There are 2 protein chains.
Amino acid sequence: MNQSNGALKDILRKEGLRYTNQRQSIWDEIRSNHDHRDAEDIYISIRNNGVNVSRATVYRTIDVLVKNRFVRKMDLGEGRFRYEPRLDDKHHDHMVCEETGDIIEYFNQELEDLQEKIANEFGYTVVRHVHQLFVKPLKK
Amino acid sequence: MNQSNGALKDILRKEGLRYTNQRQSIWDEIRSNHDHRDAEDIYISIRNNGVNVSRATVYRTIDVLVKNRFVRKMDLGEGRFRYEPRLDDKHHDHMVCEETGDIIEYFNQELEDLQEKIANEFGYTVVRHVHQLFVKPLKK
DNA sequence: TTCCTTATTGAGAATGAGTCTCACAGGTAA
DNA sequence: TTACCTGTGAGACTCATTCTCAATAAGGAA
Ligand SMILES: [Mn+2]
Ligand SMILES: [Mn+2]
Ligand SMILES: [Zn+2]
Ligand SMILES: [Zn+2]
């Protein structure tokens, strides 16, 4: 599984890459919580743990992790990407509260099916999709 | 209406801004077709028409047009924004063919309703949303 | 019309996320 | 140990977009 500890070595081997302390630290940091953080946040957190890595290595390693589905890269239209660990690898989409900035995860099978149906109507099949709901709290 | 000719003057007046040739040229260029173009494309087209405007003015004017719903700004995750005129102002979402780059517009009321329902379940109401389907042609 | 005050503009500098370069460090194999 | 080769850090670079500021042009007043 993605999430187990030794799995990083496996994908690195598969990719013909070496196992290094930096790569392990970066994956450990991303795994350490379920937030949706940007590269700079991740970089700062690693450094605050006393590990010296460069931004370049953070970006390079994230690419490997994204390619191997350990990490999901998302674009909320903020001008930079955010990343989250794919610990259980269950698909979900995001709802962003415009008042608080909270990010809520949701999954709705009907929505997933509907979008495939729409694509089919145009002669296509969905490869990937972006569903983002920018919301505000209902009046009580 | 947005799309009529004199409407630009109206929104500029409302915003306390002056009516200038540059602003008119930029809106005219964006209005001239229904493509989903980036700022550089728009800038180049205006210059090819023999009108001298700066990139800064293109960006500044687009902001005003977006704010006043003359133009829709979209982020397809390409690292730059694309813009389209809101000539009839009917809402639609986009499907992007990953093989050809074609952008197909679609609208599905069921989808629109469903996402509001999902937001409600979490105690929110949808302010805006992004729905993008990245697709490939069905095998024949 | 001409004048006057201010908003607007153009050119290019600045910004910021992300990528690239390259000399050096560290693993690997014989 | 040597020879080789990948990975890394620091900082240069890229590219879309924003900012700065001196020069220009709206547009209201007279
Ligand atoms: Mn998530
Ligand atoms: Mn469109
Ligand atoms: Zn989904
Ligand atoms: Zn929609």
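The structure displayed is predicted, hence computed values, not measured ones.

Visitor: I'd love a proper account of the protein's contact with DNA strand C, names of residues and values included.
Guide: Around DNA strand C, a shell composed of 20 residues is seen, among which Y59 and F81 of chain A together with T20, N52 and T57 of chain B lie nearest. The sugar-phosphate portion of DNA strand C accounts for 71% of its atoms within 4 Å of the protein, the bases making up the rest. The separation between a phosphate oxygen of DNA strand C and a polar main-chain atom of F81 of chain A is 2.8 Å. The set of elements that each furnish at least two residues to the surface near DNA strand C consists of α4 (55-67) of chain A together with α2 (21-31) and α4 (55-67) of chain B. Each residue belonging to the surface near DNA strand C can be placed in one class, and the counts come to seven nonpolar, six polar and seven charged.

Visitor: Describe the protein's contact with DNA strand D, and please don't skip the residues or the numbers.
Guide: In the region of DNA strand D, 21 residues are neighbours, and T20, N52, S54 and T57 of chain A together with Y59 of chain B sit closest. The side chain of T20 of chain A places a nitrogen or oxygen atom 2.6 Å from a phosphate oxygen of DNA strand D. In the model, a phosphate oxygen of DNA strand D is placed 3.0 Å from a nitrogen or oxygen of the Y19 of chain B main chain. For the surface near DNA strand D, the secondary-structure elements that each account for two or more residues are α2 (21-31) and α4 of chain A together with α4 of chain B.

Visitor: Any chance you could break down the sheet that holds strand β1 (residues 37-38) of chain A for me, citing the residues and the numbers?
Guide: All names here are of chain A. Strands sit in the order β1-β3-β2 across an open sheet of three strands; the sheet is antiparallel. The sheet terminates laterally at β1 and β2 (71-74), the two strands that pair on one side only. As judged from the two bridges shared by β1 and strand β3 (residues 82-85), these two strands associate in the antiparallel manner. Considered in β3, the bridge of R37 is made with Y83.

Visitor: I'd like a description of the interface of chain A and chain B, backed by residues and values.
Guide: Taken together, the 34 residues of chain A in the interface contact 34 residues of chain B. Counting each side, the surface lost to burial between chain A and chain B is near 3300 Å², with a carbon and sulfur contribution of 68%. Counting the contacts that link chain A with chain B gives two salt bridges. Residue E98 of chain A pairs with R128 of chain B through a salt bridge whose shortest N-O separation is 3.0 Å. Where chain A meets chain B, there are 13 residue pairs in polar contact (both at pLDDT 80 or more).

Visitor: Tell me about a negative patch on the surface, residues and numbers included.
Guide: On the surface, a cluster of negative charge is made up of E110 and D113 of chain A together with E110 and D113 of chain B. Of all the secondary structure elements, the ones that give two or more residues to the negative patch are α5 (109-121) of chain A together with α5 (109-121) of chain B. By secondary structure assignment, the location of D113 of chain B is in helix α5. Among the residues examined, D113 of chain B registers a relative accessible area of 45% and is labelled partly exposed.

Visitor: Quick one: what's the story with the coordination of the manganese ion (ligand 1), residue by residue and with numbers?
Guide: Residue and element names in this part refer to chain A. Protein coordination at the manganese ion (ligand 1) comes from H36 (NE2), E84 (OE), E84 (OE), H92 (NE2), H94 (NE2) and E105 (OE), with a distance range of 2.1 to 2.7 Å. Classification of the site at the manganese ion (ligand 1) as irregular follows from its six donor atoms and the range of 52 to 171° in their angles at the metal. For the manganese ion (ligand 1), the single-chain donor residues occur in sequence as H-x47-E-x7-H-x1-H-x10-E. A relative accessible area of 3% places E84 in the buried class. Residue H92 is classed as buried on the basis of its relative accessible area of 13%.

Visitor: So what's going on with the nonpolar core? Which residues, and what values?
Guide: Judged by nonpolar contacts, the single largest core of 24 residues is most densely connected at M95, Y124 and V135 of chain A together with M95, Y124 and V135 of chain B. Looking at this core, the elements with two or more residues in it are β4 (93-97), β5 (103-106), α5 and β6 (124-137) of chain A together with β4 (93-97), β5 (103-106), α5 and β6 (124-137) of chain B. Setting aside chain neighbours within four positions, we find Y124 of chain A in contact with E116 and A119 of chain A together with M95, C97, I104, V135, K136, P137 and L138 of chain B. With 20 residues, the next largest nonpolar core counts L12, A39, I46 and V64 of chain B among its residues.

Visitor: Would you mind going over helix α3 (residues 39-48) of chain A in detail, with residue names and values included?
Guide: All names here are of chain A. By the burial criterion, the buried members of α3 are A39, I42, Y43 and I46. Down the axis of α3, the buried set is contained in an arc of 100°. They therefore lie on one face. Elements in contact with the buried residues of α3: α2, β1, α4 and β3. Residue G50 follows α3 closely and has a positive phi angle near 85°.

Definitions and limits used
- Residues numbered from 1 in each chain as written.
- Chains lettered and ligands numbered in written order.
- Predicted model: local features only at pLDDT ≥ 70, side-chain atom pairs only at ≥ 80, totals over all residues.
- Heavy atoms only, no water.
- Near = heavy atom within 4 Å.
- Polar contact = N/O pair within 3.5 Å; in protein donor to acceptor, adjacent residues only side chain to side chain.
- Helix = DSSP H or I, 4+ residues; strand = E, 2+ residues; numbered from the N terminus.
- Nonpolar A, V, L, I, M, F, W, Y, C, P; charged D, E, K, R; others polar.
- Pairing = 2+ DSSP bridges.
- Contact = heavy atoms within 4.5 Å.
- Buried area = accessible area lost by both parts, 1.4 Å probe.
- Salt bridge = Lys/Arg side-chain N within 4 Å of Asp/Glu carboxyl O.
- Patch = residues over 30% accessible without salt bridge, like charges linked within 9 Å, V, L, I, M, F, W, Y side chains within 5 Å.
- Areas by Shrake-Rupley, 256 points an atom, 1.4 Å probe, with all protein chains shown as cover.
- Lys, Arg positive; Asp, Glu negative; His and termini not counted.
- Charge placed at Lys NZ, Arg CZ, Asp CG, Glu CD.
- Buried < 20%, exposed > 50% of the residue type's maximum accessible area, 1.4 Å probe, protein only.
- Donors = N, O, S within 2.8 Å, 3.2 Å for Na, K, Ca; no water.
- Tetrahedral: all angles 85-135°; square planar, octahedral: opposite > 155°, others 65-115°.
- Core = buried A, V, L, I, M, F, W, Y, C linked by side-chain atoms within 4.5 Å.
- Arc of directions from axis to C-beta.

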